[in-house]
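So you can see what is in the structure, the chains are spelled out below.
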Amino acid sequence: MTSRYVAAKNVFIDSIDIDDYIELNSSMTAYQQLQHSMDKPLKMILLFGRPGTGKSILLNRIHEKLKHQKEIYYFDTPSPTEKEFFYKLFKVLTQKELPNNTEVNFTALVEFCKKLRGKREIIILLDEAQMYDADMMEKIRLLSDTRAVKFVVSLHKTEDEDLIAKAHFQSRIWEVIELKNASRDDQTAYVHKKLLKKNLFEIANSIKVKDMKLIHQVTEGNYRECNKLMFTIFEICEYYDKNEPGKLNYTHIPKKIIEMAALKLGHLHV
Ligand SMILES: Nc1ncnc2c1ncn2[C@@H]1O[C@H](COP(=O)(O)OP(=O)(O)OP(=O)(O)O)[C@@H](O)[C@H]1O
Ligand SMILES: [Mg+2]
């Protein structure tokens, strides 16, 4: 028989699938902020946060919610070349098919957008914008200056590089929304709701307040780190369930297992 922990483990595979979205206090606030900013006459909005704080899933959620009311597009990973990016943008803006490999004339695209002003309002959600270079960002700005296209630029913040400080972002962005690591309450809700969504009631119950305190401490409230840790916890549980069930307690995840998982991921050092 398959261990009950297999299903639990799979709940925490990283995903930005909109069906996996969970309403949390922080995500709700960010969603509302973003929506509010999008309604303002801003040309560029920055969505900012450390890796794994939920930027991509939030953009997907906003896209899903608004796609029937607004002209909104989600660009996931940046196109490998500038040529491909503008090709993709051209298709979205003109709503025309283009022969493959057509080189888009950027000046013509800007002129085209100028004519759209007041007729259409297009929103482009640009994920992973740290991968666009200064030249691309400048062109994106020129397009946004036409006021026919508004960009939500999502950027991740790394330890060693303050990307917003980079000139090409700083002088172009009008409003910043920052996603932070989760509070303990939000992270607890996240873990429980994810399990409950898959009807894993007993397992959700076996993760107590005390455990969440440790999990939060270890992952610093980061959603991606939390996914990894939960996955590893259930992987260890699955092993014991199959091989040494005596070491498991179905009503409560042993603290030792959480520590073993944290150790395995390099969060705890002995
Ligand atoms: N509100 C939420 N509902 C469901 N899952 C979430 C939520 N917030 C974060 N997550 C989960 O956390 C993980 C990380 O989120 P996401 O990929 O959106 O982060 P990110 O900020 O885009 O990271 P990166 O900067 O590395 O691209 C995802 O697997 C997602 O499942
Ligand atoms: Mg992302």
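Rules and cut-offs
- Residues numbered from 1 in each chain as written.
- Chains lettered and ligands numbered in written order.
- Predicted model: local features only at pLDDT ≥ 70, side-chain atom pairs only at ≥ 80, totals over all residues.
- Near = placed C-beta within 6 Å.
- Helix = DSSP H or I, 4+ residues; strand = E, 2+ residues; numbered from the N terminus.
- Nonpolar A, V, L, I, M, F, W, Y, C, P; charged D, E, K, R; others polar.
- Domains from an automatic or database assignment.
- Pairing = 2+ DSSP bridges.
- Right-handed = clockwise from strand over helix to strand, strands pointing away.
- Axes fitted to C-alpha atoms, helices over the stretch in contact; angles between N-to-C directions.
- Contact = placed C-beta atoms within 7 Å.
- Core = buried A, V, L, I, M, F, W, Y, C linked by C-beta atoms within 7 Å.
- Buried ≥ 20, exposed ≤ 12 C-beta atoms within 10 Å, placed from the backbone.

Surveying the vicinity of ligand 1 reveals 20 residues, the closest of which are Pro-51, Gly-54, Lys-55, Ser-56 and Tyr-223. Of all the secondary-structure elements, those providing two or more residues to the shell around ligand 1 are α3 (55-66) and α11 (223-243). When the residues that make up the shell around ligand 1 are grouped by side-chain class, the tally is seven nonpolar, nine polar and four charged. Domain assignment of the residues forming the shell around ligand 1 places at least three in each of domain 1 (4-15 + 183-264) and domain 2 (25-179).

Another point: the pairing of strand β3 (residues 122-126). With five bridges joining them, strand β2 (residues 71-75) and β3 adopt parallel strand pairing. The residue of β3 that forms the bridge with Tyr-74 is Leu-125. Here five bridges tie β3 to strand β4 (residues 149-156), and the two strands are oriented parallel to one another. Directly across from Ile-123, in β4, lies its bridge partner Lys-150. With respect to chirality, the unit in which β3 leads through helix α6 (residues 134-145) into the neighbouring parallel β4 is right-handed.

With parallel pairing, five strands are arranged side by side in an open sheet as β2-β3-β4-β1-β5. Only two strands of the sheet have a single partner each, and these edge strands are β2 and β5 (175-179). Ignoring strand direction, the axes of neighbouring strands in this sheet form an average angle of 15°. Running over the sheet, α3 touches β1 (44-49), β2, β3, β4 and β5 and is turned about 155° from β2.

A word on the domain arrangement of the protein. You'll often see interface size given as the accessible area lost when the parts meet. When cut into domains, the protein gives domain 1 (4-15 + 183-264) and domain 2 (25-179). A C-alpha centroid distance of 36 Å is found between domain 1 and domain 2. With six residues of domain 1 at the interface, the matching set in domain 2 holds seven residues. With three residues, α11 is the single largest residue contributor to the side of domain 1 that touches domain 2. Considered class by class, the residues forming the side of domain 1 that touches domain 2 number one nonpolar, two polar and three charged.

This part is about the environment of Phe-48. With respect to the helices and strands, Phe-48 occurs in strand β1. Along the chain, Phe-48 and Leu-179 lie 131 residues apart, while their C-alpha atoms are 6.1 Å from each other.

Glancing now at the nonpolar core. In this structure, Leu-46, Leu-47, Phe-151, Val-152 and Val-153 are the most contacted members of the largest nonpolar core, which totals 33 residues. Excluding residues that lie within four positions of it along the chain, Leu-47 makes contacts with Leu-34, Lys-55, Val-152, Val-153, Ser-154, Ile-177 and Leu-179. If you look at the next biggest cluster of nonpolar residues, it comprises 28 residues, including Tyr-190, Ile-215, Val-218 and Ile-233.

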